[in-house]
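In case you want the letters, here they are:
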Amino acid sequence: RSTLFPYTTLFRSRSNGQSFLGPEADPFELFKGLGHSDNTNFIDLAYVDLTFGNWTFNIGKNCIATGGHEYDDYDWLVHTQLASPLWSGMSCYQWGGKITYTTPSEMTSLSLQATTSPFGERPFGSGLYTFSAQWAGEYDWFAPTWSVTALGTAPKAYTWLVSIGNEFYFGD
């Protein structure tokens, strides 16, 4: 089984506040910066999943596998003074690959991922990479998403990020 998942955000604004879809928009602008890892462009996610039994192989542009859960249904409801600078200050969509094992019960998945680093200007030219290990589960009343991530910040220098996201279900 394979899945191709392209996802684009065409309504995102340029840095000067104009929409990509405005009448003055140059189509070239949609593709400008596509090869930059420090630049968010119209392609947020574009990847292919290949699944063989309990194993899934993912390659393309995907989100860095860090732990956590969505703060709220809508981003504008988040209290930014309580949020980490990583919440909105880092380009989380990076080029790379991920291997995931899902248990036969489909309650637990374990992933290893290698991507380009959000701290590198050119994805593969900068030589900066990010490595993640993630555990995600769905157990009756408890859904953990935990991870350990090494974010490449300079050649042979990493910032470690340990994320422990827990979601609890009570009642209906």
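Scoring rules and cut-offs
- Residues numbered from 1 in each chain as written.
- Predicted model: local features only at pLDDT ≥ 70, side-chain atom pairs only at ≥ 80, totals over all residues.
- Heavy atoms only, no water.
- Helix = DSSP H or I, 4+ residues; strand = E, 2+ residues; numbered from the N terminus.
- Buried < 20%, exposed > 50% of the residue type's maximum accessible area, 1.4 Å probe, protein only.
- Contact = heavy atoms within 4.5 Å.
- Areas by Shrake-Rupley, 256 points an atom, 1.4 Å probe, with all protein chains shown as cover.
- Pairing = 2+ DSSP bridges.
- Phe/Tyr/Trp six-rings, centres within 6.5 Å; stacked < 30°, edge-to-face > 60°.
- pLDDT = per-residue confidence, 0-100.
- Polar contact = N/O pair within 3.5 Å; in protein donor to acceptor, adjacent residues only side chain to side chain.

Peer 1: Run through the overall build of the protein chain, naming residues and quoting values.
Peer 2: Helix and strand counts for the protein chain come out as two helices and eight strands. Along the protein chain, helices (α) and strands (β) appear in the sequence β-α-β-β-α-β-β-β-β-β when read from the amino end. Burial analysis of the protein chain (172 residues in total) assigns 35% to the buried set. Long-range contacts, defined as pairs at least 24 residues apart, comprise 51% of the intrachain contacts of the protein chain with a sequence gap of at least 6. Total accessible area on the protein chain is roughly 11,000 Å²; 60% of this is exposed by carbon and sulfur atoms.

Peer 1: Before we move on, can you summarise the pairing of strand β8 (residues 157–168) with the specific residues and values?
Peer 2: Along a regular strand, successive side chains alternate from one face of the sheet to the other. Taken together, the 12 bridges between strand β7 (residues 142–154) and β8 define a ladder with antiparallel strand orientation. Note on β8: the bridge partner recorded for Trp-146 is Ile-164.

Peer 1: Residue-level account of the packing of aromatic side chains, with values.
Peer 2: Counting across every chain of the model gives nine aromatic pairs. Between Trp-141 and Phe-168, the ring centres sit 6.0 Å apart and the planes meet at 20°, which makes this aromatic pair stacked. Pair noted here: Trp-141 is in the loop between β6 (129–137) and β7 and Phe-168 is in strand β8, with a separation of 27 residues, a long-range link. For Phe-168, a relative accessible area of 44% gives the class partly exposed. Grouping aromatic residues by their ring pairs yields a cluster made of Trp-141, Phe-142, Phe-168 and Phe-170.

Peer 1: So, the confidence of the model for the protein chain: which residues are in play, and what are the values?
Peer 2: Averaged over the protein chain, the pLDDT score is 75; the fraction of residues at 70 or greater is 62%. Confidence, read as mean pLDDT per element, is least for strand β1 (residues 2–8) in the protein chain (44) and greatest for strand β5 (residues 108–116) (95).

Peer 1: I'd like to hear about the environment of Gly-137, residue by residue, with values.
Peer 2: Inspection of the secondary structure puts Gly-137 in strand β6. Judged by its relative accessible area of 11%, Gly-137 falls in the buried class. For Gly-137 and Ser-109, which are 28 residues apart along the polypeptide, the C-alpha to C-alpha distance reads 6.3 Å. Discounting residues that sit within four places of it in the chain, Gly-137 has contacts with Met-107, Thr-108, Phe-142, Ala-143 and Pro-144.

Peer 1: Run through the environment of Phe-57, naming residues and quoting values.
Peer 2: Looking at where Phe-57 falls in the secondary structure, it is placed in strand β3 (residues 55–63). In sequence terms Phe-57 and Gly-97 are 40 residues apart; their C-alpha atoms lie 7.4 Å from each other. Setting aside residues up to four positions removed in sequence, Phe-57 forms contacts with Val-48, Asp-49, Leu-50, Phe-52, Lys-98 and Ile-99.

Peer 1: Quick rundown of unusual backbone geometry? Include the residues and the values.
Peer 2: Unlike most non-glycine residues, Glu-106 shows phi in positive territory, near 60°. By the secondary structure assignment, Glu-106 is in the loop between β4 (93–102) and β5. Among the residues examined, Glu-106 registers a relative accessible area of 66% and is labelled exposed. Of note in the backbone geometry, Lys-156 takes a positive phi value of approximately 60° without being a glycine. Looking at the secondary structure, you find Lys-156 in the loop between β7 and β8. Looking at Lys-156, the relative accessible area reads 84%, which means it is exposed.

Peer 1: Account for the side chain of Thr-100, naming residues and giving values.
Peer 2: Within the secondary structure, Thr-100 sits in strand β4. Judged by relative accessible area, Thr-100 falls into the buried class, the value being 12%. A distance of 2.8 Å separates polar atoms of two side chains, one belonging to Thr-100 and the other to Ser-111. In contact with Thr-100, not counting residues within four places along its chain, are Asn-54, Trp-55, Thr-56, Ser-109, Leu-110 and Ser-111.

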